[in-house]
Amino acid sequence: YAFGFNKVIESVVIGSNTKVIMNNAFNNCEALTTINLPVGLETIEASAFCYCSSLNNFELPSTLKFIGYGAFNMCTTLTVLVIPESVETIDGYAFAWCTGLKELYIHDTLINFGQGAIYSCSKLRVYTEYQEIPTTWHKEFNPSNRPIVWGYEIAK
């Protein structure tokens, strides 16, 4: 909870040597709208940006490998997110209750998509390069049965 529950912080620039954003680091920073995540970042741990209900302006770096459990849970103003090719795991409930999320783009390099990862994302449509559900994805990654466009070519 390094910055957790800070009701004033609106923008964050993460240092260029940062490899990991720890559990709950920005949990419940309701005024946070923008984060600048550096190339070199590899891990966003559990609930790192959970309940950041104003967060809508950021890009995930090309070095990111792991998005933890509930990392962006309840980020209700996110609308579009492209998961970089480097990401191998999106843990359970990572984007659950992101009710403003409309588009999520996933490359065919994502190995693990956790249980409920996109639970209750009522406006979401997922675009993926995969032709069908990989056997390594949790069978309940999409319990809200959001539409998925299989075989979608993501611009590189």
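Please refer to the structure placed before this passage.
Structure report, in brief. Predicted model only: the values in this text are computed from it and were never measured. (Residues numbered from 1 in each chain as written. Predicted model: local features only at pLDDT ≥ 70, side-chain atom pairs only at ≥ 80, totals over all residues. Heavy atoms only, no water.)

### Quick look at the environment of cysteine 52
Here cysteine 52 shows up in the loop between strand S4 (43-44) and strand S5 (66-67). Cysteine 52 sits 45 residues away from lysine 7 along the chain, and the two C-alpha atoms are 9.9 Å apart. If sequence neighbours within four positions are ignored, cysteine 52 has contacts with Phe26, Asn28, Cys29, Leu32, Met74 and Cys75. (Helix = DSSP H or I, 4+ residues; strand = E, 2+ residues; numbered from the N terminus. Contact = heavy atoms within 4.5 Å.)

### Some points on the sheet that holds S5
Paired through backbone hydrogen bonds, the strands of a sheet run either parallel or antiparallel to each other. Read across the open sheet, the 5 strands follow the order S2-S4-S5-S7-S9; overall the sheet is parallel. A single partner strand is all that each edge strand has here, and the edge strands are strand S2 (20-21) and strand S9 (112-113). (Pairing = 2+ DSSP bridges.)

### Focus on the nonpolar core
Within soluble globular proteins, side chains that are nonpolar generally end up buried alongside one another. Ranked by size, the top nonpolar core spans 44 residues in total, and within it Phe49, Ile67 and Phe72 carry the most contacts. If sequence neighbours within four positions are ignored, isoleucine 67 has contacts with Ile44, Leu60, Phe72, Ile83, Val87, Thr89, Ile90, Asp91, Ala94 and Phe95. (Core = buried A, V, L, I, M, F, W, Y, C linked by side-chain atoms within 4.5 Å. Buried < 20%, exposed > 50% of the residue type's maximum accessible area, 1.4 Å probe, protein only.)

### A few points about the pairing of strand S10 (residues 125-128)
Sheet topology note: the strand S8 (residues 103-106)/S10 ladder contains 4 bridges and is parallel. Bridge assignment links glutamate 103 to a residue of S10, and that residue is arginine 125. Sheet topology note: the S10/strand S11 (residues 148-149) ladder contains 2 bridges and is parallel. Among the inter-strand pairings, valine 126 is bridged to a residue of S11, identified as isoleucine 148.

### Quick notes on the packing of aromatic side chains
One pass over the structure, following the stated rule, counts 18 aromatic pairs. Both rings, one in tyrosine 93 and one in tyrosine 119, keep their centres 6.3 Å apart while their planes meet at 70°; by these two values the pair is edge-to-face. Residue tyrosine 93 is found in the loop between strand S7 (89-90) and S8, and its partner tyrosine 119 is found in the loop between S9 and S10; the two are separated by 26 residues along the sequence. Classification of tyrosine 119 by relative accessible area gives partly exposed; the value is 31%. When the ring of tyrosine 130 is compared with that of tryptophan 137, the centres are 5.4 Å apart and the planes differ by 85°; the resulting orientation is edge-to-face. In terms of burial, tyrosine 130 and tryptophan 137 fall into one category: buried. An aromatic cluster is present here, built from Phe3, Phe26, Phe49, Phe58, Phe72 and Phe95 joined pairwise through their rings. (Phe/Tyr/Trp six-rings, centres within 6.5 Å; stacked < 30°, edge-to-face > 60°.)

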